[in-house]
Amino acid sequence: MSSKIKLSTPHMGGGELKYIQEALETNWVAPAGENITYFENNLEEYLGQNLKVTALSSGTAAIHLALILAGVKKNDEVICQSLTFAASAFPIMYQGATPIFVDSEKDTWNICPKCLEEAIIDRISKGKKPKAIILVHIFGMPAKMDKIVSLAKKYEIPIIEDAAEALGSEYKGKKCGTLGDFGVLSFNGNKIITTSGGGALVTKKQALKEKAIFLATQSKDDELWYEHSNIGYNYRMSNILAGIGRGQMETLHAHVRRRVEIHQFYEKLFKPIESVKIFSEYNSKIKSNHWLSCILFNSKSKRNPLGLFNHLKAHNIESKFIWKPLHLQPIFKENEFYGDNNIAETIFNTGLCLPSGSNLTTENKDTIAKVVLNYLDA
Ligand SMILES: *Cc1c(COP(=O)(O)O)cnc(C)c1O
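Residues numbered from 1 in each chain as written. Predicted model: local features only at pLDDT ≥ 70, side-chain atom pairs only at ≥ 80, totals over all residues. Heavy atoms only, no water.

**Student:** Summarise the pattern of salt bridges; cite the residues concerned and give the values.
**Tutor:** Taken as a whole and assessed by the stated rule, the structure comprises 17 salt bridges. A salt bridge links E117 to K154, with the nearest nitrogen and oxygen atoms 2.8 Å apart. In this pair, E117 is assigned in helix α5 (residues 113-125) and K154 in helix α6 (residues 145-155), connecting sequence segments 37 residues apart. With a closest N to O distance of 2.8 Å, D122 and K126 form a salt bridge. Given the relative accessible area of 23%, D122 is considered partly exposed. The network of salt bridges with common partners includes E40, E44, K209 and R236. (Salt bridge = Lys/Arg side-chain N within 4 Å of Asp/Glu carboxyl O. Helix = DSSP H or I, 4+ residues; strand = E, 2+ residues; numbered from the N terminus. Buried < 20%, exposed > 50% of the residue type's maximum accessible area, 1.4 Å probe, protein only.)

The structure is reproduced here in structure tokens:
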């Protein structure tokens, strides 16, 4: 049998090895060194707008530090998009705070501005003004930032923009990750670029970056000995992994272009098929990096996501269900949820993510097309 076609795997291609070697030769293997500085500079240049980037051990760590910097404490409430990976919400729990989940809208799959405002108003009426809003650009698709930012301003609530899946996506000419009060990136193995594991926090001010580094390196006070007045974390990225990140930055543009091409391949493949719709940009002012290409089955169709999942699996092709909404997860079953039409749940029930790695070959695509059409026509 031919080798497995995976959903999304690491794709090396720049000077990764050179930078790792440099780190080893100069013995800068700890969470300090040139690679970290360069990797952060590369990201700052890429994102623009004079933003400050702090390289961390994961995207989850970046969300946790963003919550701390936003002042989220025990018993606070934080609003979070329900249709996302659990890592968007877990750090709220690390702080002893409570996630309040909000439904998605049909065209973006991201947080529904109308439901968001309903949630904010209702929480305020209960004496619990949310301390932060975590929004996500799911699968790389930009959320409706204009509306969400204006709500956040109106109610004076900071936005944590979980752009873990959206490096390279754009909203009205601005890069995702730069649109909230705090931006979060992930360099996990399956993301657009990877450092094997890693993440970054994007802040507007140097002072916030310094605070993030302080917290991420065990909150050591300025003394000759180990003095601590705050809780600290071990969240800084290692200089070796930052070397991989530097190499990956050299291929970021190419990787995004490849993912967009893969999405175009799927658009063409599914165009004649009435029962399936491909998830695409909802207007021309936004650009998804198409981290993962996703489809939705018409609920009246005889075919369904599980059927295609199993059919692909039988042909050694990996696919993945859409993130199961967090308000439906056992761990969050007591948490409040705001939404009227179960959009996130419907997307979960009728959707599937297809292989989208930037290293997918033409041969892989031919195989996928054959197997998919074979299932849909059968
Ligand atoms: C991957 C991911 C994260 C977590 O990033 P890690 O680097 O794996 O900790 C958070 N949110 C979303 C939406 C993600 O896809």
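**Student:** Before we move on, could you go through the site of the ligand and cite the residues and values that matter?
**Tutor:** Inspection of the region around the ligand gives 15 residues, with T60, D162, E165, S186 and K191 positioned closest. The backbone of G59 places a nitrogen or oxygen atom 2.8 Å from an oxygen atom of the ligand. One nitrogen or oxygen atom from the side chain of D162 is found 2.7 Å from a nitrogen atom belonging to the ligand. Isolated, the ligand exposes 380 Å² of accessible area, and the fraction of that covered by the protein chains is 94%. In the shell around the ligand, the residues fall into 4 nonpolar, 8 polar and 3 charged. (Near = heavy atom within 4 Å. Polar contact = N/O pair within 3.5 Å; in protein donor to acceptor, adjacent residues only side chain to side chain. Areas by Shrake-Rupley, 256 points an atom, 1.4 Å probe, with all protein chains shown as cover. Nonpolar A, V, L, I, M, F, W, Y, C, P; charged D, E, K, R; others polar.)

**Student:** I'd love a proper account of helix α2 (residues 34-47), names of residues and values included.
**Tutor:** In a regular helix each residue adds 1.5 Å, so 14 residues correspond to 20 Å; α2 covers 20 Å between its end C-alpha atoms and thus fits that length. Of the residues one or two after α2, G48 is the one with positive phi, at around 70 degrees. (Expected span 1.5 Å × (residues − 1).)

**Student:** Can you tell me about the pairing of strand β12 (residues 293-297), naming the residues and giving the values?
**Tutor:** With 4 of its 5 residues buried, β12 lies for the most part within the structure. Relative to β12, strand β10 (residues 276-278) runs antiparallel, the two sharing 3 bridges. Across the sheet, V276 pairs through a bridge with F297, a residue of β12. For β12 and strand β15 (residues 351-354), the ladder comprises 4 bridges, and the chain directions are antiparallel. Its bridge partner being in β15, L296 is matched across the sheet by G351. (Pairing = 2+ DSSP bridges.)

**Student:** Give me unusual backbone geometry: which residues, what numbers.
**Tutor:** A positive phi angle, near 65 degrees, is found at W109, a position not held by glycine. Looking at the secondary structure, you find W109 in the loop between β3 (98-102) and α5. According to the relative accessible area criterion, W109 is buried, its value standing at 2%. One non-glycine residue with positive phi stands out, namely Q218, at about 70 degrees. On the basis of relative accessible area, Q218 is assigned to the partly exposed category, the value being 34%.

**Student:** Before we move on, could you go through the domain arrangement of the chain and cite the residues and values that matter?
**Tutor:** Each assigned domain of the chain is listed with its residue range as follows: domain 1 (16-250) and domain 2 (253-377). Each of domain 1 and domain 2 has a C-alpha centre, and these two points are 25 Å apart. Listed as interface residues are 49 residues of domain 1 and, on the opposing side, 38 residues of domain 2. Between domain 1 and domain 2, the buried area comes to about 3800 Å², and carbon and sulfur atoms account for 66% of it. Contact with domain 2 buries surface across domain 1, with F101, W109 and F139 losing the most and accounting together for 22% of the total. Taken together, the connections running from domain 1 to domain 2 amount to 3 salt bridges. A salt bridge links K114 to D340; the nearest nitrogen and oxygen atoms lie 3.0 Å apart. (Domains from an automatic or database assignment. Contact = heavy atoms within 4.5 Å. Buried area = accessible area lost by both parts, 1.4 Å probe.)

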